[in-house]
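Fold and geometry: a report
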Amino acid sequence: MTPTNDSTTPHLTVQHDGVTIPVSRGGRGRPLVLCPGLNCTQADLYELIGLLRRDHDVVAFDLRGHGLSSAAERYSFDAFLGDLRAVMRELELPSAPLLVGYSLGADLAVHYAAECPDTVAGLVLVDGANPLPEPFITDVDLAEFREMARHTVRRSEGSERARQVSLSAEEVFELGLEMDVVRAGILERYRRVDGSVRMIMSRAIAGRGGAGRAPRHNRLWRAGVERLVRERANVSVSWLDADHRLVFTHAPDIAEIVRSAHQPVGGPAS
């Protein structure tokens, strides 16, 4: 890990798998590592990071091909998981951190915790890592999700460097399909995690429309979470009246849930 002194750049960089990963750290309190999701960067999460720093020593980073990280030859769930492993391996924290993940980052957090349970103090999963009982993306959804990927990439191209994503629209689309496969088997990963798991989930991940894919996807999202809570006693859930943009629209609510999610023994219940 290489320190940097320029106040306009991340505090540290991690070299891994031919990729340079920028890592920032700030705040005070118990350690917390924040893992962003697909098409999401540290810069995008600035409000949430600032709020979390009031109570935590927050480490944040950009996944490969996102924000200030360098582009990579391959983008896959396993490659992103390797990025998280590399960052965690290089950190010098006074105690095991709370691991917080958003969307894809939540899935990465669960997989990492299943592999290395003694290195995390607990998990907070924001609108991801959902053990869906059936695929989220079906044949009738393919065209819409491919267009959504194109829109995401076009929007990124006009953004500042810290908010840009290097992935192509096809790579974003293929990762969406891969996430269905990952989530089909994620229950097994949860069975290896004994520590506290708090989920913060949107009530309307696909929006509030009464037609199209929204009703089915919203029902499926809830069904997956309810399935997990029934099976795993260490999992609790907070539902927010939001869509998948909840990290941007409800950052204060999320920060408060994170703050109260892992109180010391005898502390107030959330």
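Before reading further, recall that the structure is shown in the block above.
The sections below set out a description of the structure shown in this document.

1. Digging into the overall build of the protein chain
Of the regular secondary structure elements, the protein chain holds nine helices and nine strands. Here the protein chain has a C-alpha radius of gyration of 18 Å; the compact-globule value for 270 residues is 18 Å, and the two agree. Summarising its shape, the C-alpha atoms of the protein chain cover approximately 50 × 45 × 30 Å along the three principal directions. Counting only residues that meet the buried cut, the protein chain has 53% of its 270 residues in that class.

2. Points about the environment of Cys-40
Mapped onto the elements of the fold, Cys-40 is located in the loop between β4 (30–35) and α1 (46–52). Using a relative accessible area of 2% as the deciding quantity, one classes Cys-40 as buried. For the pair Cys-40 and Ser-103, spaced 63 residues apart in sequence, the C-alpha to C-alpha distance is 9.3 Å.

3. Considerations on helix α3 (residues 104–115)
Taking 1.5 Å of rise per residue, the 12 residues of α3 would be expected to cover 16 Å, and the 17 Å separating its terminal C-alpha atoms lies within 8% of that figure. In terms of residue burial, α3 counts as a mostly covered element, since 11 of its 12 residues are buried. Residues of α3 that are buried: Leu-104, Gly-105, Ala-106, Asp-107, Leu-108, Ala-109, Val-110, His-111, Tyr-112, Ala-113 and Ala-114. On its buried face, α3 sits against β4, α2 (77–90), β6 (98–102), β7 (122–126), α5 (169–184) and α6 (186–190).

4. Focus: the nonpolar core
Grouped burial of nonpolar side chains is what soluble globular proteins tend to show. Counting 61 residues, the largest nonpolar core has Phe-61, Leu-108, Leu-123, Leu-125, Tyr-190 and Met-199 as the members making the most contacts within it. By residue number, the principal contributor to this core is α3, which donates eight residues. Contacts of Met-199, omitting those with residues within four sequence positions, involve Leu-125, Gly-128, Ala-129, Tyr-190, Val-225, Leu-228, Val-235, Ser-236, Val-237 and Ser-238. Membership of the second largest hydrophobic core comes to 26 residues, among which are Leu-45, Val-124, Ala-242 and Val-258.

5. Some details on the state of the cysteines
Applying the stated criterion across every chain, the model contains zero disulfides. Among the cysteines around Cys-35, which has no disulfide bond, Cys-40 carries the closest sulfur, lying 9.6 Å off.

6. Observations concerning unusual backbone geometry
One non-glycine residue, Asp-17, lies in positive phi territory at about 55°. In this structure, Asp-17 sits in the loop between β2 (12–16) and β3 (19–27). The phi dihedral of Asp-127 falls on the positive side, at around 50°, and the residue is not glycine. Looking at where Asp-127 falls in the secondary structure, it is placed in the loop between β7 and α4 (142–157). Given a relative accessible area of 0%, Asp-127 falls into the buried group.

7. Details of the packing of aromatic side chains
This structure, assessed with the given rule, holds four aromatic pairs. Over the aromatic face of Phe-173 sits the side chain of Arg-146, whose NZ or CZ is 4.0 Å from the ring centroid. We note Arg-222 situated over the ring of Trp-239; from NZ or CZ to the ring centre the distance is 4.1 Å.

8. Overview of the side chain of His-56
Position of His-56 among the secondary structure elements: in strand β5 (residues 56–61). Here His-56 is in contact with Gly-26, Gly-27, Arg-28, Gly-29, Arg-30, Leu-32, Leu-98, Val-258 and Arg-259, once residues within four sequence places are set aside.

9. Here's the deal with the pattern of salt bridges
This model, assessed by the stated rule, comprises 21 salt bridges. Between Arg-85 and Glu-115 there is a salt bridge, and its shortest N-O distance comes to 2.8 Å. Of this pair, Arg-85 sits in helix α2 while Glu-115 is found in helix α3, placing the two residues 30 residues apart along the sequence. The class of Glu-115 is partly exposed, set by a relative accessible area of 34%. Salt-bridge contacts for Arg-245 lead to Asp-243; the nearest nitrogen and oxygen are separated by 2.8 Å. Taking the relative accessible area as the measure of exposure, Asp-243 reaches 18% and is therefore buried. Through salt bridges with shared partners, a single ionic network connects Asp-17, Arg-64, Arg-74 and Asp-83.

Conventions used here
- Residue positions are given per chain, counted from 1 along the sequence in the order it is written.
- Confidence filtering applies because this is a predicted model: local features only for residues at pLDDT of at least 70, side-chain atom pairs given and counted only at 80 or more, and all residues used for totals across whole chains, interfaces and linings.
- Hydrogens and waters are ignored; side-chain quantities use all the structure's heavy atoms.
- Secondary structure is summarised from DSSP: a helix means a run of H or I of at least four residues, a strand means a run of E of at least two, and numbering begins at the N terminus for each.
- Radius of gyration: C-alpha atoms only; globule rule: 2.2 Å multiplied by the number of residues to the exponent 0.38.
- Between buried and exposed lies partly exposed: a residue is buried under 20% and exposed over 50% of the maximum accessible area for its type, with that area taken using a 1.4 Å probe on protein chains only.
- Helix span is expected to be 1.5 Å times the residue number reduced by one.
- Contact criterion: two residues are considered in contact whenever any of their non-hydrogen atoms come within 4.5 Å of each other.
- Here, nonpolar core refers to any group of buried Ala, Val, Leu, Ile, Met, Phe, Trp, Tyr and Cys residues whose side-chain atoms link them within 4.5 Å.
- We call a pair of cysteine sulfur atoms a disulfide whenever their separation is within 2.5 Å.
- Centres within 6.5 Å are what make two rings of Phe, Tyr or Trp a pair, Trp counting through its six-membered ring; a difference in plane orientation under 30 degrees is then read as stacked, over 60 as edge-to-face, and the rest as tilted.
- Whether a charge lies above a ring is judged from NZ of Lys or CZ of Arg, which has to be within 6 Å of the ring centre and within 35 degrees of the ring normal.
- Salt bridges are identified by distance alone: a Lys or Arg side-chain nitrogen within 4 Å of an Asp or Glu carboxyl oxygen.

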